[in-house]
Amino acid sequence: MTKSNSVVIIGGGHNGLICATYLAKAGHQVQLLEARDKVGGGASTSSFADGYSTSGLAHILYGLNAKVCKDLKLNIGDSASIQPVDTISLQLDGDHVTLGRDDVSAKSLSSKDLEAYRAFKKEFRGYAKALQPLMMNTPPRLKDMDKKDKLTLAKLGWSLRFGLGTDSMREFLRVGGINIYDVLNEVFDSPALKGAISVDAILGQHMGPRTPNTVLTYLQRLWGETQASQSIPIGGMGKVSAMLERAAVDAGVAIRTGVKVAKIIVENGRSQGVILQSGERVEANIVVSNADAKTTFIDLVGAPQLDAMFCHRVNSVRQHGDVAKLHFALTELPTFSGLSLQQLSQRLIIAPDMRYVEHAFNHSKYGEFSDNPVLEMTIPSVGDSSLAPAGHHVMSVSATFAPYHLKEGWQQQSRDTFVQRVTEVIERYAPEFSSSVTATELLTPVDIEDQYNITGGHWHHGELSIDQSFMMRPVHGSAQYQTPIDGLYLCGASAHPGGGITGVPGHNAAQRILAMGDI
Amino acid sequence: MLTQTDSHVTTDFREVLQPSPFQARINEQCLVQDWMSWNGYKTARVFDTLASEYFAVRSTCSVMDLTPMEKYRITGPDAQIFLNRLVTRDISTLKPQRVTYVIWCNDEGKVLDDGTIFHLSEGDYRLCSQHHQLDWLLISSLGFDVNIEQETHAIAALAIQGPTSCAVLTAAGIDGVDQLRPFDIGYRTLNGIDVMVSRTGFTGDLGYEVWADPDHALAVWDAIFLVKEQGLFDIRPIGLGALDMVRIEAGFIMPGDDFNTAETAVRADRDRSPYELGLAWLVNFKKPYFTGKKALLAESKKPTVRRLVRLSVEGNKSPTDAFLYDAKGGSRIGTIKSCVWSPILKMNVSLADVEFVKGKLPEQIWAEIYYQKELEWRATWAKCDVSAKPFWIHPRSSLTPPNRF
């Protein structure tokens, strides 16, 4: 039997597309297999009601990697493709807090807080930058290091010690493992400001502001700011995927959609290709999985081909999503008290203070959704009329906490109640909101799992916690994009450095595969 | 699904060690009250004298309570492929009513425990192990449609070992014991009680294990000892002391005594692979993937670093815990793990952990032995020899049918 393709990529999420493109550019024959009817995965634009569409899962771009954009010649920086946005944290008294890259503004903020914000962002962006050598490289092994591992560690050490300087490094080591709650209390006075910043540390995670590790998650989010400004893609996140798809096709990647991989063929410890659900066998020298680790190892490779403890570790990855996605079709633009039309196009969040966020998280610990969920809202149709009928609008909301394992299960009644809760929270700020809603779509983490083929419906294919990061991502025994199966690699958010529309795992995986030289 | 059958677990908090279903008879016969814990059971180390118990195994017939041995029932559609992924040996060829000796490893190819797999009937297996393995079995069961039940307390078992063991069981009323080949399982009756008889043991001698419902335990015991009362054969209950002597003679290793199991080893070099235990013959790379295969494949290509060997030690001084050297006063190369003065062979035999030199056994091995004479310590050197074969495996242990007595 001949090997018709040298590389098969399982899953056409943005990382799969990016990895495929790099490998194709390097001269390899790459075939990409996507189970859904279009590529993009979580970076998609989907129609949820007749005439209304919006970003299907991810709706804010905050760190598509600059090197990836350059290498793949993605023309994504101009105003025709993205709209840069600030974050506006809504307050009941109408004194909304606007958080920019360097500056924050609100009437109630003291001059001390205004200055502290600037200093805080500079300092923490510095920490995020110091992690750059770790982010853009294969995470170094700590045992049996090769030259590259040592170099990466040396670069990291250099960038922490000399990039940051003595004082900053000491501070970085102090705050690195603690929680954002304590750090923000040290730095700021305004509860509103602290609440707003804490959202970036917990959104997408099963963590509250008081959870240790939330400084690290905040830094990972902030790292995006070192790459590109926070923005909303015109035409929805699917536009980004369309550009990546074009780059892949131009590079010679053969893309097949609507084909679900059923099994990864393993013979004598080496992957030989895949078997599709149709029974078709696709042979390849190299198999790269954009799917999460659980799907890749437990479902596609199968426990009988792997060591028992390795399977146990993969199965134990904490990967239960906690964010629901809601899409509202609106007959008119909602009126938020104190927000101008221009401001409506920004990233709006509801997290009035850190106690609110922590209390929202408390419910999720016990398998309940939040009484008062934390919301991240965008109304992309303000700057993009293609998403809704003329004069109408769409609102895209990420609502946390909505646990994957809801105690009573995501029955219709729970779903209705949750939508009701979210609507009520929005109406505190936009009193007439519900009267303009003509259609609603709710994607719970269970729906996200089903529709996007992500185990647990977790944004990041696994919590971005220290024990699931770097050389331990997704689990030790499969770091460095390699797996226990020779010729099988991971290129998705399961791998270092994790999720978000960054393209970094895809980029790093491709570099690793090329460096391994076994194509 | 996990179920645990605890029919014999006592509810009395003052009963620290739990009784075996044979306890009533064991208590009567254990004259020296030398008790120890075996997997939480009150177990006799010695019943009357060690020598008489030892010679019961080698010359007549011994009876030992096997109930405390960890036992797991493995059933379900994937029972066979689950076990084959667990152990290093290919058990897909293990036919119903047959038994095989196995070891299993962790991901790093280090031995977790050893034991036996009984293929009770098509697709129905019992795994017996030295140590508690339920958590590892459950971890290993991810991705397999298999049912694992701990049945340690649900099965009463006796080991009947020694040259006259077949004759004793026959005289006790079990038919067709003589037809069982080594590692066979037979379903029989004893005075109307259903018993399972397997030709298995840990002694290197002719012997059987009899398995029954705990409710019938005393009846089985009594039926066997009735043969002694009839004056036909000498039959003695034996404790773990005598068992330890005969198993060292037979070269059977004891996880936890002869090597640290991978689960209990703390220091990086204290766990052992099958190669390091001299059990390479149990590792089969031709079968489907099993836990530790990748690590063992890599290790198999490297020179041997150390190995557990059977070592005879000159002289009559006990080499207990002795250090081993590559010459008298030379470099230290290992230690004695288990040793015994073999009454039947009239020599010191042992199992020893020995470091290899450039992948080879050292040319000479010497033990430095410390011993006492009337409370005064002395030291001496004894030359050691590695034995390729077990010191004692009697031809009668594999003869079918066994000789009649």
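Keep in mind it's a predicted model, so treat the numbers as computed, not measured.

A. Highlighting the sheet that holds strand β8 (residues 104-105) of chain A. Residues and elements named next belong to chain A. The strand order β8-β7-β6-β15-β16-β17-β14-β18 describes an open sheet built from 8 strands, whose pairing is mixed. The open sheet has two edge strands with one neighbour each: β8 and β18 (437-443). Both strand β7 (residues 97-99) and β8 contribute to a ladder of 2 bridges, which runs antiparallel. Each bridged residue has a counterpart across the sheet, and for T98 the counterpart in β8 is S105. Relative to the sheet, helix α15 (residues 412-427) contacts β14 (323-330), β15 (347-350), β16 (374-378), β17 (393-400) and β18, its axis offset from that of β18 by approximately 120 degrees.

B. Looking closely at the packing of helix α7 (residues 180-187) of chain A against helix α8 (residues 191-202) of chain A. All names here are of chain A. Packing of α7 against α8 brings their axes to within 10 Å, and their N-to-C directions diverge by 150 degrees. Between α7 and α8, the angle falls in the class roughly antiparallel. Where α7 crosses over α8, the two elements pack in a sense that is right-handed. For the pair α7 and α8, contact is made by I180, Y181, L184 and N185 and by K194, I197, S198 and A201, respectively.

C. The sheet that holds strand β20 (residues 376-387) of chain B, seen in detail. Residue and element names in this part refer to chain B. Strand order around the closed barrel formed by 6 strands is β15-β18-β17-β16-β19-β20, with antiparallel pairing between neighbours. For this sheet, the mean angle separating the axes of adjacent strands, direction not counted, is 40 degrees. Of the strand pairs in this sheet, strand β15 (residues 306-313) and β20 are connected by 4 bridges, and their pairing is antiparallel. Pairing of L311 across the sheet is with V386, part of β20. Each of β17 (332-342) and β18 (347-355) is contacted by helix α7 (residues 240-249), which is oriented at about 120 degrees to β17, the strand it contacts most.

D. A look at the interface of chain B and chain A. Listed per partner, the contact involves 14 residues of chain B and 14 residues of chain A. Among the elements of the structure, α3 (79-86) and α4 (134-140) of chain B are those that each provide at least two residues to the side of chain B that touches chain A. Across the side of chain B that touches chain A, the residue classes break down as 6 nonpolar, 5 polar and 3 charged.

E. Structural context of α8(A). Residues and elements named next belong to chain A. Compared with an ideal rise of 1.5 Å per residue, which puts 12 residues at 16 Å, α8 spans 17 Å between its outermost C-alpha atoms and is within 8% of the ideal. Of all 12 residues that make up α8, 11 are buried, and the element is covered over most of its length. For α8, every residue scored as buried is listed here: A192, L193, K194, G195, A196, I197, S198, V199, D200, A201 and I202. Count one or two residues on from α8 and you reach G204, which has phi positive near 95 degrees.

F. Structural detail: the packing of helix α1 (residues 14-25) of chain A against helix α17 (residues 504-516) of chain A. Residues and elements named next belong to chain A. In contact at an axis separation of 7 Å, α1 and α17 are set at 35 degrees when each is read in the N-to-C sense. Viewed along their axes, α1 and α17 form a crossing whose handedness is right-handed. Contacts between α1 and α17 involve H14, N15, G16, I18, C19, Y22 and L23 on the former and, on the latter, P505, G506, H507, A509, A510 and I513. The residue makeup of the contact of α1 with α17, split by class, is 8 nonpolar, 5 polar and no charged.

G. Just the domain arrangement of chain A, in detail. Residue and element names in this part refer to chain A. Splitting chain A by domain gives domain 1 (5-43 + 236-318 + 454-516) and domain 2 (116-228). The interface is formed by 20 residues belonging to domain 1 together with 18 residues belonging to domain 2. Along the lines of polarity and charge, the residues of the side of domain 1 that touches domain 2 split into 9 nonpolar, 8 polar and 3 charged.

Criteria and cut-off values
Residues numbered from 1 in each chain as written. Chains lettered and ligands numbered in written order. Predicted model: local features only at pLDDT ≥ 70, side-chain atom pairs only at ≥ 80, totals over all residues. Pairing = 2+ DSSP bridges. Helix = DSSP H or I, 4+ residues; strand = E, 2+ residues; numbered from the N terminus. Contact = placed C-beta atoms within 7 Å. Axes fitted to C-alpha atoms, helices over the stretch in contact; angles between N-to-C directions. Parallel < 35°, antiparallel > 145°, perpendicular 65-115°, else oblique. Left-handed = near helix turned anticlockwise from the far one by under 90°. Nonpolar A, V, L, I, M, F, W, Y, C, P; charged D, E, K, R; others polar. Expected span 1.5 Å × (residues − 1). Buried ≥ 20, exposed ≤ 12 C-beta atoms within 10 Å, placed from the backbone. Domains from an automatic or database assignment.

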